[in-house]
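Observations on chain architecture
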Amino acid sequence: MTTDAAVAPKVGSKKKAKPVIPQVMRQGPVTPWLYLAPALIIMSFFIVYPMLNTLMLSFENKDGTASAATTCVEGKACWGVLENYHYALTAELDTSSFGSTWNTFWQSSYGNNIKWILLMVTGTVVLGLLVALLADRVKYEPLSKAIIFMPMAISFVGAGIIWRFVYDYGTQQVQVGLLNSIITFFGGQPISFLTTPGLNTIALIVVGIWIWTGFCMTILSAALKSVPGEILEAARVDGATEWVVFWQIMVPMIMPTIVVVITVMIINVLKIFDIVYVMTGGNYGTNVIANRMYSEMYINFNTGRGTAIAIVLILVLIPFIYLNIKRFQEQEAMR
Amino acid sequence: MNRERLANMLGKVPTHAVLILLMLIWILPTIGLLVTSFRPIQDIARSGWWTIFSPPQGQEVYVQNCAECHGGNGKAIATADLTNATLIDKYPRSTQLRAMLRKDINGKPHMGDKAVPDAQTAADVAAFLKQLSGIAASSRFTISNYLDALVGYRGTATYQADCAAGTQSNDLYCDARDFLNPRGMGRAFINTLIVTLPATVLPILVAAFAAYAFSWFDFRGRHLLFALLVGLQVVPLQMTLVPISRIYAQLGLNGTFLGVWLFHTGFGLPYAIYLMRNFLGALPRDLFESVYLDGADHWTAFYRLALPLAMPAIASLAIFQFLWVWNDLLVALVFLGGSNPVMTYQIGNMVTSHGAGWQLLTAAAFISMLLPMLVFFSMQRFFVRGMLAGSVKG
């Protein structure tokens, strides 16, 4: 733990004059562990042990009885004990040529997850920042924020139903879905949003943006409000336009918060499951990593492949775990 | 001065326009769901929810074709009173209606110099006449969707209609017992409550002890352990599903509430401890020092001082954990499944395997949203505060 060591001296040197914990509160070596024990036991059982077990299972066959190498098909490429990873990484791809690999990648769960990250993180942060900025200038700020924030209280399943109805594609003359009725009102052809490949992933991402913009808005709004008014006032007196004030003063000052929001959103998006499960079930080329893992595990009953996909997911997340710890330690050092 | 104010107001027009547009986009889908959940089945399939404010279908064509002689209320001609149910009952569909309209009345064409309406128009008129004469219920709103959803009715009519006709499926009794039907939202609501309450209280209780230890105890590895905990917040749920369901299978915990409570406790802990420790650790140090000088020990400091002071943090946490567990699908799907279905599971089931109609889905979704919305709007302050305290939740 090099990061810990790097921060520890700072903490120590700062607190030397007055220790964080008063001298009179010193206790025996056992008492802290009595307070900690329930939490540590439960977390070891439900988080730490399963992670290790998942890692082991990912090298084994479908029910964890033999090595994954035994599942290799003769005459086809085999990665031995890593065969489940072979499956997890390449099964969705058509590797016959570079072009087909590229095309199938963007239809695969990985390609879709990348689309989710790019579009949903941009969408939520930009819209969240926009609402935070605009709401600050109007009298109905609480109402507008409550409306944007409301989807956070709704389950993904509920949101899925709400948006399935918006996207509804009527087979008859009448379109009862809001979007298609708008399209036909202006003379367009109704679109089957959820079954058209390419478009459907975007349609699902819109639902994600609808849910999570409130989260970004709240955090960014708090950051914007903490920017000292005098600085903005001084800039405006000097003749800076709102545009300049925003880009050259506000954005740089809330940049740390924007970075935090972006990392939190990336973590959330990587784990996205419910929206896809309820709206398309991962069909029509909308699969994402978490959904694929679920179907391998509980529909195909292949623990080896399911856990291998889970490990791929955590590998992608490790940089963010590291960032999270680092950010925490920076906060602690500033305390 | 006035010109300045005017310019100021005009300058704000784009702000209002963009903001109000966004608010509309955000609220419309939910309003659509809510309105639809109160509409009768036939209406949902026939017209969009936004048409509830326009006059009923058929009225317009009735006014064009018939009102001139029969009057807007249908009573203008005493010998052909259109509010008379026995008369209207003779022309239930467009064919009978059009056949009658083609005949002469008193030696003159029925419609005068107007053309006999086409089949679609006639059907709309016939439908309107049924409402006018009281044969068909004219109500545009109904709570039957909610009844259907609560009892898990899956027929083609409504629960009430089937029960009145005695044609309900054999797992329905047509009395209060139906609210506990395992396919219904009533039972699922109770199950969700049973899952959520302990799964909210347990992690907070356990976390309070640990958070106190991290804030006011001095022990080796304190910082390292806490840094690890911060990392654990990011671990995705999916990592642990397989091993835990295997252990649960051996212990017979699959499909039990206990299993879900424990799982949610385990996964709620890292964030709960993190939030509580940030709060407890920020309490004034002198406060703790002085109770110690007065002879208190750690237990009294924890129980009488830290816990009461931490109430705002506990409130934030409770809302978070409540919403998280209430809205969770994955854990319920894997560890409870159909043996004790919760609401998210039940709705997911309606969507994926039964292809239930909108009347059922919209009502079911709204039933599941009711309590979270109440909690959210009454305690928004705590929710936002908890979120600002640093939120990464897996």
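It should be emphasised that the depicted structure is a prediction, and the values quoted were computed from it without experimental measurement.

The rules we used
- Residues numbered from 1 in each chain as written.
- Chains lettered and ligands numbered in written order.
- Predicted model: local features only at pLDDT ≥ 70, side-chain atom pairs only at ≥ 80, totals over all residues.
- Helix = DSSP H or I, 4+ residues; strand = E, 2+ residues; numbered from the N terminus.
- Rg over C-alpha atoms; globule rule 2.2 N^0.38 Å.
- Contact = placed C-beta atoms within 7 Å.
- Nonpolar A, V, L, I, M, F, W, Y, C, P; charged D, E, K, R; others polar.
- Buried ≥ 20, exposed ≤ 12 C-beta atoms within 10 Å, placed from the backbone.
- Domains from an automatic or database assignment.
- Core = buried A, V, L, I, M, F, W, Y, C linked by C-beta atoms within 7 Å.
- Expected span 1.5 Å × (residues − 1).
- Bend = angle between axes of the 7 residues up to and from the residue.
- Axes fitted to C-alpha atoms, helices over the stretch in contact; angles between N-to-C directions.
- Parallel < 35°, antiparallel > 145°, perpendicular 65-115°, else oblique.
- Left-handed = near helix turned anticlockwise from the far one by under 90°.
- pLDDT = per-residue confidence, 0-100.

With that out of the way, let us pick up the overall build of chain A. Counting secondary structure elements, chain A contains 14 helices and zero strands. Over its C-alpha atoms chain A spans a radius of gyration of 25 Å, topping by over 25% the 20 Å that the globule rule assigns to 335 residues. Taking as baseline every contact in chain A between residues at least 6 positions apart, the subset at least 24 positions apart corresponds to 61%.

We now examine the interface of chain B and chain A. Each side of the interface is counted separately: chain B has 86 residues, and chain A has 81 residues. Of all the elements, helix α2 (residues 13–37) of chain B adds the most residues to the side of chain B that touches chain A, at 14 residues. Residues of the side of chain B that touches chain A, tallied by class, amount to 57 nonpolar, 24 polar and five charged.

Take unusual backbone geometry next. All names here are of chain A. Backbone geometry at tyrosine 284 places phi at a positive 55 degrees, although glycine is not the residue there. Structurally, tyrosine 284 is set in the loop between α12 (274–279) and α13 (289–298). A count of 17 C-beta atoms within 10 Å places tyrosine 284 in the partly exposed class. At phenylalanine 301, a residue that is not glycine, the phi angle is positive and equals roughly 50 degrees. Tracing the backbone through its elements, the reader meets phenylalanine 301 in the loop between α13 and α14 (303–334).

Parsing chain B into structural domains produces domain 1 (2–37), domain 2 (59–133) and domain 3 (185–388). Spacing between the C-alpha centres of domain 2 of chain B and domain 3 of chain B amounts to 63 Å.

Further remarks concern the nonpolar core. Of all hydrophobic cores here, the largest spans 178 residues; its most connected members are Ala207, Ala210, Ile273, Met276 and Ala364 of chain B. Counting residues per element, this core draws most heavily on helix α11 (residues 185–216) of chain B, which supplies 15 residues. Taken together, domain 1 (2–37) and domain 3 (185–388) of chain B each give at least three residues to this core, which thus spans both. Setting aside residues no more than four positions away along its own chain, isoleucine 273 of chain B makes contact with Ala39 of chain A together with Ala207, Ala210, Ala211, Phe214 and Leu229 of chain B. If you look at the next biggest cluster of nonpolar residues, it comprises twelve residues, including Cys66, Ala126, Phe128 and Leu129 of chain B.

Quick look at helix α14 (residues 257–281) of chain B now. Within an α-helix, residues lying three or four positions from one another point in the same direction, as the helix has 3.6 residues per turn. All names here are of chain B. Counted at 1.5 Å a residue, the expected span for α14 with its 25 residues is 36 Å, and the 34 Å between its end C-alpha atoms agrees. Residue leucine 269 marks the point of greatest curvature in α14, where the axis turns by about 45 degrees; the proline proline 270 follows within four residues. Across the 25 residues of α14, 21 count as buried, placing the element largely inside the fold.

Glancing now at helix α9 (residues 199–225) of chain A. Residue and element names in this part refer to chain A. With 27 residues, α9 extends 37 Å between its outermost C-alpha atoms, agreeing within 8% with the 39 Å of an ideal straight helix rising 1.5 Å per residue. Maximal helix bending in α9 amounts to about 40 degrees, located at tryptophan 212. Counting buried positions along α9 yields 21 of 27 residues, so the element is predominantly enclosed.

Turning our eyes to something else, we now look at the packing of helix α12 (residues 222–232) of chain B against α14 of chain B. Residues and elements named next belong to chain B. α14 packs onto α12 with a crossing angle of 125 degrees between their chain directions and a minimal axis gap of 8 Å. On the basis of the axis angle, α12 is oblique to α14. Between α12 and α14 lies a crossing whose hand is left-handed. Along the contact surface, α12 presents Leu229, Val230 and Leu232, while α14 presents Pro270, Ile273 and Tyr274. Of the residues contributing to the contact of α12 with α14, the split by class is six nonpolar, no polar and no charged.

This part takes up the environment of leucine 82 of chain A. One can find leucine 82 of chain A in the loop between α2 (31–57) and α3 (83–90). Separated by 40 residues in the primary sequence, leucine 82 of chain A and isoleucine 42 of chain A place their C-alpha atoms 31 Å from one another.

So, about the confidence of the model for chain A. Model confidence for chain A is summarised by a mean pLDDT of 84, while 93% of its residues fall at 70 or above. Least confident of the elements in chain A is helix α1 (residues 2–15) of chain A, whose mean pLDDT is 39; most confident is helix α5 (residues 109–135) of chain A, at 93.

Residues and elements named next belong to chain A. Locating leucine 127 in the fold gives a position in helix α5. Taking the C-alpha atoms as reference points, leucine 127 and tryptophan 210, 83 residues apart in sequence, are found 9.7 Å from one another. If sequence neighbours within four positions are ignored, leucine 127 has contacts with Ile209 and Thr213.

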